[in-house]
Structure formats: structure tokens, C-alpha cells
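The lines below spell out each chain.
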Amino acid sequence: MILILHIGNKYTNQEGSTMRYARYLDDELLIEKYVVDVTRKEVYDDEGANFEYGIKIPEKFVPIFQGQQLVVTRGYGRKGHPVIINIFLESAWEEFEERLNKLPTTSDKRVRRLASFFTGDATDTELTVENKIVIQEHLINIANIDRQCLFLVIHQEDGMRFAVACKDMFDD
């Protein structure tokens, strides 16, 4: 249970996390946001040197991700910050992908672009022993993420959704 105390346009829960009703995503979604650290590690593969980024997960959400296969992909953010990184549990990704596959991609170019936007950069990952989610460099760059970012928990009627966004996304 989350206890909400109204403070202007923002809300604070009993643990002190700042929240805000987000009309720009859907009708009255509640968003918890946490500032988390981002680490960078150089890795080598067939194409040469690349960087991998680890997003530190807030401790209270670690049990949700532990032992789970995850999928990270691009998502829509807010005006001025067009791209966020969605984090899906594998079962949620399969449901999302199933809904995308039901769309009329053969007859509508916009629907094809939308499906490609979400699935084109989708990458499998998992929680590391340091409680970090590894995200590839190109997604970090697209979302304009630096040394710290926002870990977002979006509460919906059917459960929680997770995302990562640049730290100044909610600065108004």
C-alpha cells in the first residue's frame, strides 16, 4: 500500500519518494522516481571495444528483478525528452510483443514504424550480482543518460511498469 500526501503538484509517499501524477503518459498514472547511479564498463566483442552501462536498481525492487530474464528497449518519454528506456520482465515483454503483433503492420506504415521503434532495439539482459541492469551504449545515448538517471516505477491498473530516463526529465 502506498500512502500519498498531497503537496502542490507533487506527491510524497510514506518512504519519502517523490511522485507526480503524469498526465502526459496516460490518465492519472502514478510515477515513483528514484535517482540512481550509472556505471560504465568497457567490453570487447567481434566488433571491437564498446561500453556497457549498469543501472543500479533501488533495493526495494531487487526481489522483482532477481532471477528474471529482462528485456530493455526504447520507449516514449515526454516532450523535450522523447526517449526513455523501458524495462520489461520477460513475461510482460511477451504480452507487449503479442499486442504489437496483432496490429495491422502490413497495411499501415505508421504501425510498422511503431512496432519497429519498440522491437528494433530490444535487448535481453538480467540483474547482475551488484543489483544493476546492464544496458547497451546506444540505448543510453538515445535516452541522453549520463552518470545518474531516473529509475521510474509507473503504477497502472494491471501492475507496475519500469523505465529509465535522463535525470532532468521531470524538471519543469
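Residues numbered from 1 in each chain as written. Predicted model: local features only at pLDDT ≥ 70, side-chain atom pairs only at ≥ 80, totals over all residues. Heavy atoms only, no water.

Draft legend 1. Structural view of the overall build of the protein chain. Along the backbone of the protein chain there are four helices and 11 strands. Relative to its full complement of 172 residues, the protein chain shows a buried share of 41%. Restricting to contacts in the protein chain with at least 6 residues of sequence separation, those with at least 24 account for 53%. Surface accessibility of the protein chain: about 10400 Å² in total, with carbon and sulfur atoms responsible for 46%. (Helix = DSSP H or I, 4+ residues; strand = E, 2+ residues; numbered from the N terminus. Buried < 20%, exposed > 50% of the residue type's maximum accessible area, 1.4 Å probe, protein only. Contact = heavy atoms within 4.5 Å. Areas by Shrake-Rupley, 256 points an atom, 1.4 Å probe, with all protein chains shown as cover.)

Draft legend 2. Looking closely at the pattern of salt bridges. On inspection of all chains with the given rule, the structure shows three salt bridges. A salt bridge links Lys102 to Glu98; the nearest nitrogen and oxygen atoms lie 3.8 Å apart. (Salt bridge = Lys/Arg side-chain N within 4 Å of Asp/Glu carboxyl O.)

Draft legend 3. Focus on the pairing of strand β9 (residues 132-136). The element β9 is largely enclosed, with a buried count of four among its five residues. Note that strand β5 (residues 48-56) and β9 share five bridges and pair antiparallel. Its bridge partner being in β9, Ile55 is matched across the sheet by Ile133. (Pairing = 2+ DSSP bridges.)

Draft legend 4. Local environment of the confidence of the model for the protein chain. Chain-level statistics for the protein chain give a pLDDT mean of 76 and a share of 76% at 70 or above. Throughout residues 1-28 the model reports pLDDT below 50, and contacts reaching past four residues in sequence, or to other chains, amount to 59 contacts. (pLDDT = per-residue confidence, 0-100.)

Draft legend 5. Expanded view of the packing of aromatic side chains. Under the criterion given, the structure shown has 11 aromatic pairs. Ring plane angle 40° and centroid distance 5.7 Å describe the contact between Trp93 and Phe96, whose orientation is recorded as tilted. Remark: Phe96 and Trp93 occur in helix α2 (residues 90-101); sequence separation between them is three residues, near one turn of the helix. Of the aromatic side chains, those joined through ring pairs into one cluster are Tyr34, Phe61, Phe65, Phe151 and Phe162. (Phe/Tyr/Trp six-rings, centres within 6.5 Å; stacked < 30°, edge-to-face > 60°.)

Draft legend 6. Geometry of a negative patch on the surface. Where like charges cluster on the molecular surface, the negative patch consists of Glu90, Glu94, Glu95 and Asp124. For Glu95, the location among the structural elements is in helix α2. (Patch = residues over 30% accessible without salt bridge, like charges linked within 9 Å, V, L, I, M, F, W, Y side chains within 5 Å. Lys, Arg positive; Asp, Glu negative; His and termini not counted. Charge placed at Lys NZ, Arg CZ, Asp CG, Glu CD.)

Draft legend 7. Structural view of the nonpolar core. Counting residues in hydrophobic clusters, the biggest one holds 34 residues, and the most contacted among them are Phe65, Ile85, Ile133, Ile145 and Phe151. The biggest single contributor to this core is strand β10 (residues 148-156), with six residues. Excluding residues that lie within four positions of it along the chain, Ile85 makes contacts with Val72, Thr73, Ile135, Leu139, Ile140, Ala143, Ile145, Phe162, Ala163 and Val164. Residues Val71, Phe88, Leu100 and Ala115 belong to the second largest nonpolar core, which totals eight residues. (Core = buried A, V, L, I, M, F, W, Y, C linked by side-chain atoms within 4.5 Å.)

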